[in-house]
Amino acid sequence: MHHKHTGGANLLYPSLTTIVGAVLDGKPNWMAIAHVGIMNHGGKDVPHYISISCHPSHHTNEGIREHGEFSVNIPGRSLMEKADYVGIVSGKTRDKSGLFDTFQGTLNHAPMIKECPVTMECRVAQKVIVGEHEVFIGEIVGSYVAEECFENGKPDLKKVDPILFDFTRIRYWSLGEYIGDPWRTGKSLKS
Ligand SMILES: Cc1cc2nc3c(=O)[nH]c(=O)nc-3n(C[C@H](O)[C@H](O)[C@H](O)COP(=O)(O)O)c2cc1C
């Protein structure tokens, strides 16, 4: 392959489209966040940590700062319109609280979306300012998967049908096919 220099652009896509929830004035507020990361894959007694990179101007950030809690909801394709809507309209000017049915886990200020196949409630463990963004690192206190999205006792991504985010061409994509098994596929090259 011959490569063309494209400047210093971040090309780490696709990423996952998520809907982040927090509580403001006693009501949920939602925003789309695609710049999400896995910070610590936890063990038996070690928590899992994930990150969300949020511009400090967002209304949702205020709720996260106030309560130190937020939720990360993974919408399926059928929620694409609503997921996009919460990414273009601010809770500062429009009440987004009634858009989804919610449920609560352990935390009081991390409302989760019933219509999302996968959701996680998080407690802020750290906040880091990186460039222009407030990066909240959340300890996952509880994670929830819709019953119909299990296959052999594990969440099945095909059933979750997540919305992949492509900032390079500003597009949403769906998941492709299962093509191999990590930690096994490369074994043939070991010998
Ligand atoms: C698909 C999508 C992904 C987005 N990802 C991010 C992101 O990762 N970080 C960010 O700061 N804003 C992101 N946004 C923008 C916010 O979701 C948007 O500004 C939202 O209206 C903020 O809502 P709020 O002011 O009610 O919190 C994204 C928007 C869309 C449509």
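These figures come from a predicted structure and were not determined experimentally. The residue numbers shown here count from 1 along each chain, following its written sequence. For this predicted model, a pLDDT threshold of at least 70 governs which residues receive local features, and a threshold of 80 or more governs which side-chain atom pairs are given and counted, while totals over whole chains, interfaces and linings are taken from all residues. Side-chain calculation: all heavy atoms of the structure are included, whereas hydrogens and water are not.

J.: Let's hear about the overall build of the chain: which residues, and what values?
T.: Here a helix means four or more residues in a row that DSSP labels H or I, a strand means two or more in a row labelled E, and each is numbered from the N terminus. For the chain, the count of helices and strands is three helices and 14 strands. Radius of gyration means the value over C-alpha atoms here, while the globule rule gives 2.2 Å times the residue count to the 0.38 power. In terms of overall dimensions, the chain is globule-like: its C-alpha atoms have a radius of gyration of 18 Å, near the 16 Å expected for 191 residues. Accessible area is worked out with a 1.4 Å probe on protein chains only. A residue is then buried under 20% of its type maximum, exposed over 50%, and partly exposed in between. In the chain, which comprises 191 residues, the proportion classed as buried is 37%. When charges are tallied, Lys and Arg are placed among the positive residues and Asp and Glu among the negative ones, while His and the ends of the chain are skipped. By convention, charge coordinates are those of NZ in Lys, CZ in Arg, CG in Asp, or CD in Glu. Across the chain, the mean location of the 20 positive side-chain charges is 6 Å away from that of the 22 negative side-chain charges.

J.: Let's hear about the site of the ligand: which residues, and what values?
T.: The environment of the ligand is formed by 23 residues, the closest being A32, H55, T60, S90 and G91. The protein chains hide 86% of the 650 Å² of surface that the ligand would expose on its own. Mapping the ligand onto the cavity grids shows that it belongs to the second largest pocket. Every element with two or more residues in the shell around the ligand is listed here: strand 3 (27-33), strand 5 (49-54), helix 1 (59-67) and helix 2 (80-88). Partitioned by chemical class, the residues of the shell around the ligand number ten nonpolar, eleven polar and two charged. Whether a residue is near a molecule or strand depends on its heavy atoms: if one lies within 4 Å, it is near. Note on areas: Shrake-Rupley, 1.4 Å probe, and residue coverage restricted to the protein chains presented here. The rule is simple: put a 1 Å grid over the protein atoms alone, call a set of points where a 1.4 Å probe fits but cannot get out a cavity, call an open set with protein on both sides within 12 Å along at least five of seven lines a pocket, and count a residue as lining if it has an atom within 4 Å of a point. Cavities and pockets are treated as containing a molecule whenever more than half of the molecule's atoms lie within 2 Å of their grid points. Polar here means any residue other than Ala, Val, Leu, Ile, Met, Phe, Trp, Tyr, Cys and Pro, which are nonpolar, and Asp, Glu, Lys and Arg, which are charged; Gly is therefore polar.

J.: Could you give me a rundown of the packing of aromatic side chains, with the residues and numbers involved?
T.: Between rings of Phe, Tyr and Trp, where Trp is taken as its six-membered ring, a pair exists when centres lie within 6.5 Å; planes separated by under 30 degrees are stacked, by over 60 edge-to-face, and by other angles tilted. By the definition in use, this model includes five aromatic pairs. Ring centres of Y13 and F165 lie 6.0 Å apart, and the angle between their planes is 70°; on these two criteria the pair is classed as edge-to-face. In this pair, Y13 sits in the segment before strand 1 (15-16) while F165 sits in strand 13 (residues 164-166), placing the two residues 152 residues apart along the sequence. Among the residues examined, Y13 registers a relative accessible area of 18% and is labelled buried. Aromatic side chains F165 and F167 sit 5.4 Å apart centroid to centroid with 45° between the ring planes, which places their arrangement in the tilted category. Look at F167 and you get partly exposed, because its relative accessible area is 42%. One aromatic cluster in this structure is built from Y13, F165 and F167.

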